Amino acid sequence: MAGTPVSRRPFRRTLLEVIVVPDQAESSPAGIDTSRPSVARMYDFYLDGKDNYAVDRAAVEKVAEVLPEVRQVARENRAFLRRAVRYMARQGIRQFIDVGSGLPTAGNTHEIAQEIIPGARVVYVDNDPVVLAHGRALLAADDNTTVATADLHNPDDVLGHAETTRLIDFDEPVGILLIAMVHFLTSSERPQVMGRLRDALAPGSHITATHTSTDGQSAAAVAQIEAVYATTPTPIYLRSRSEISPFFDGLELVEPGLVMLHDWQPDQEDPGPAPTRWMYGGIGRKVS
């Protein structure tokens, strides 16, 4: 089990979740399962956060053996998130649902959106109890931001959660963020999950997503990653660009379309890390 979090400063889903048994058993925080890594806490460690435990840090080391650039990938995702939120806010989006938001970090969705639209409303959604606890503490004084416990695999739970419906008006445009999330959906889950999210939105809404890719990667590296994930409760599905594109079915892709993260509307004032070419990202707009 885990011990005291290290002193570092996230979000999002990690690329790999590896079951690791720590050498020494330590006390577990009440209500928190630290017998196995948490994807949210692992991502926190990737981004130099402090809300992670020994089991998470050990898992990160295992991930790095398979994917040495994983910290850069996490930072690329974060930089893409910031650009995507700014883009949507500049299109007049005043309300956002950040699914799989992970633990709070610098440059959270509500902070970025509210720089452009003061009073922008944000619902953070995650299924990790640590995220719920930390998010509630962080957002206690912000009436326009909240945290909901739900899982992307059950989109009705995301859309219908009391905290979601309290802040989000689905008769108006909404920005949905699925950063490093859709690669956890099977091909058979994709139409139902993405279709349900899309159908719930008003015209003018946007769905943003990033997804790990097989393009440009060796078959051996892809096989290793998927083999590690096959030992966990959360398999990952690496896909080619042509296989990722259907996640945006029914939406009009914003320029430059579905591209590697660093190629999506780069911002010289907020540059991302050196490109890794492991992930595609894009924003789809609901036209009607």
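In short, a report on the structure. (Residues numbered from 1 in each chain as written. Predicted model: local features only at pLDDT ≥ 70, side-chain atom pairs only at ≥ 80, totals over all residues. Heavy atoms only, no water.)

1. Considering the nonpolar core
Move 1: Ranked by size, the top nonpolar core spans 46 residues in total, and within it Y46, V85, M88, F96, W264, W278 and I283 carry the most contacts.
Move 2: Going through the elements one at a time, α1 (39–46), α2 (54–66), α3 (70–90), α4 (109–116), β2 (121–126), α9 (219–229) and β8 (279–285) are the ones with two or more residues in this core.
Move 3: At ten residues, the largest contribution of residues to this core is made by α3.
Move 4: Within the second largest apolar cluster, 32 residues are counted, among which are V158, I176, I207 and M260. (Core = buried A, V, L, I, M, F, W, Y, C linked by side-chain atoms within 4.5 Å. Buried < 20%, exposed > 50% of the residue type's maximum accessible area, 1.4 Å probe, protein only. Helix = DSSP H or I, 4+ residues; strand = E, 2+ residues; numbered from the N terminus.)

2. A word on the packing of aromatic side chains
Any two aromatic rings considered together are summarised by their centre-to-centre distance and by the angle between their planes.
Move 1: Enumeration over the complete set of coordinates arrives at two aromatic pairs.
Move 2: With 5.5 Å between their ring centres and 70° between their planes, F80 and W264 make a pair best called edge-to-face. Taken as a pair, F80 in helix α3 and W264 in the loop between β7 (259–260) and β8 lie far apart in primary sequence, 184 residues in all.
Move 3: Plain terms: the ring middles of Y87 and W264 are 5.8 Å apart, the flat faces sit at 85° to each other, and that makes the pair edge-to-face. Here Y87, found in helix α3, pairs with W264, found in the loop between β7 and β8; they are 177 residues apart in sequence, far enough to count as distant. (Phe/Tyr/Trp six-rings, centres within 6.5 Å; stacked < 30°, edge-to-face > 60°.)

3. A word on the packing of α1 against α3
Move 1: The geometry of α1 relative to α3 is characterised by a closest axis approach of 9 Å and an angle of 95° between their N-to-C directions. Considered as vectors, α1 and α3 are oriented roughly perpendicular to each other. The segment α1 lies against α3, with Y43, F45 and Y46 engaging V70, R71, V73, A74, R75 and N77.
Move 2: Of the residues that constitute the contact of α1 with α3, the class distribution is six nonpolar, one polar and two charged. (Axes fitted to C-alpha atoms, helices over the stretch in contact; angles between N-to-C directions. Parallel < 35°, antiparallel > 145°, perpendicular 65-115°, else oblique. Contact = heavy atoms within 4.5 Å. Nonpolar A, V, L, I, M, F, W, Y, C, P; charged D, E, K, R; others polar.)

4. A look at the pattern of salt bridges
Move 1: On inspection of all chains with the given rule, the structure shows nine salt bridges.
Move 2: When the shortest N-O distance is used, the salt bridge between D270 and R82 registers 2.7 Å. In this pair, D270 is assigned in the loop between β7 and β8 and R82 in helix α3, connecting sequence segments 188 residues apart.
Move 3: On the basis of relative accessibility, which here comes to 17%, the residue R82 falls in the buried class.
Move 4: In this structure, the salt-bridge partner of E163 is R166, at a minimum N-O distance of 2.9 Å. Placement of the pair is E163 and R166 together in helix α7 (residues 162–167), with a separation of three residues, close to one helical turn.
Move 5: Owing to a relative accessible area of 48%, R166 belongs among the partly exposed residues under this scheme.
Move 6: Members of the salt-bridge network, linked through shared partners, are R82, R86, D267 and D270. (Salt bridge = Lys/Arg side-chain N within 4 Å of Asp/Glu carboxyl O.)

Everything listed is a geometric property; what it means functionally is a separate question.
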